[in-house]
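Read off the chains here:
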Amino acid sequence: MGPVSIPPVEQARSIFNELGYTLSGDGTEFRAEREWKVVHVTATADENEESIPDSGSLRCFVTYRETAESLVRRLSELKPDYEWAVISVDDGADYDVVHAPSMRA
């Protein structure tokens, strides 16, 4: 695996591109849009509070496998005011959805 301090931006963009989303924006934050859904994507290498935005409606955090569980715990503790998911990645094309929002009735 590459250095953990570098966010997995390319992996994040690749995942959402392969899922059919249109991507806009550069850097560690970008928008992924498909039909009516807009997801604000944050590629992060850690679970620090400064890497967790405080607004949005749908957010997805893409991080390395080594930090995915701690990021889920941190988000669960912070209870941000938006739906969120966490995807863990490695150096290859493999990824796992570690946490996804529950469906509300």
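Preceding this paragraph is the structure being described.
Residues numbered from 1 in each chain as written. Predicted model: local features only at pLDDT ≥ 70, side-chain atom pairs only at ≥ 80, totals over all residues. Heavy atoms only, no water.

## Focus on the overall build of the protein chain
So the rule is basically this: Per the convention used, a helix needs a DSSP run of H or I reaching at least four residues, while a strand needs a run of E reaching at least two, with both numbered from the N terminus. Atoms counted for the radius of gyration: C-alpha only. Globule rule: 2.2 Å times residue count to the power 0.38. Under the scheme applied here, a residue whose accessible area is under 20% of the maximum for its type counts as buried, over 50% as exposed, and between as partly exposed, the area being computed with a 1.4 Å probe on protein chains only. Every residue pair with non-hydrogen atoms within 4.5 Å of one another is taken to be in contact.
A tally of helices and strands in the protein chain yields two helices and six strands. Secondary structure elements of the protein chain occur, N-terminal to C-terminal, as α-β-β-β-β-α-β-β. Over its C-alpha trace the protein chain gives a radius of gyration of 13 Å, about what one expects of a compact globule, namely 13 Å for 105 residues. Along the first, second and third principal axes, the C-alpha set of the protein chain runs to 40 × 30 × 20 Å. Taking all 105 residues of the protein chain together, the buried fraction comes to 36%. A separation threshold of at least 6 residues defines the contact pool for the protein chain, and within that pool the share at least 24 residues apart is 42%.

## With respect to the packing of aromatic side chains
Put simply, the test is: Pairing of aromatic rings covers Phe, Tyr and the six-membered ring of Trp, with a centre-to-centre limit of 6.5 Å; geometry is then stacked below 30 degrees between planes, edge-to-face above 60, and tilted otherwise. Charge over a ring is defined by NZ of Lys or CZ of Arg lying within 6 Å of the ring centre and within 35 degrees of the ring normal.
In this structure the tally under the stated criterion is two aromatic pairs. Centroid distance F16 to F30: 6.4 Å. Interplanar angle 80 degrees. Geometry classified as edge-to-face. One end of the pair, F16, is in helix 1 (residues 9-18); the other, F30, is in strand 2 (residues 29-34), with 14 residues separating them in the sequence. Accessibility assignment for this pair places F16 and F30 in one class, buried. Counting every residue linked through ring pairs, the aromatic cluster contains F16, Y21 and F30. Over the aromatic face of F30 sits the side chain of R13, whose NZ or CZ is 4.9 Å from the ring centroid.

## So, the pattern of salt bridges
The cut-off we apply is this: By definition, a salt bridge exists where a carboxyl oxygen of Asp or Glu is found within 4 Å of a side-chain nitrogen of Lys or Arg.
A complete count under the given rule lists five salt bridges for this structure. The salt bridge involving R65 is made with D90; its shortest N-O contact spans 3.4 Å. Taken as a pair, R65 in helix 2 (residues 65-78) and D90 in the loop between strand 5 (83-89) and strand 6 (95-99) lie far apart in primary sequence, 25 residues in all. Of the residues examined, R65 reaches a relative accessible area of 32% and is grouped as partly exposed. A residue is classified by how much of its surface remains accessible, and D90, at 21% relative accessible area, is partly exposed. Ionic pairing is found between R74 and E77, a salt bridge with its closest N-O pair at 3.4 Å.

## Quick look at the nonpolar core
Put simply, the rule reads: For this analysis, a nonpolar core means a set of buried residues of the types Ala, Val, Leu, Ile, Met, Phe, Trp, Tyr and Cys, connected via side-chain atoms within 4.5 Å.
F16, V39, V41, C60, V62 and I87 are the most contacted members of the largest nonpolar core, which has 17 residues in total. With four residues, the single largest contributor to this core is helix 1. In this view, C60 contacts F16, V39, H40, V41, T42, A85 and I87; residues no more than four positions away in its chain are not counted. Counting nine residues, the second-largest nonpolar core is a separate cluster that includes I52, A68, V72 and Y82.

## What to know about the side chain of Q11
Tracing the backbone through its elements, the reader meets Q11 in helix 1. Not counting the four nearest positions on each side in its chain, Q11 is found in contact with Y64, V89, D90, D91 and G92.

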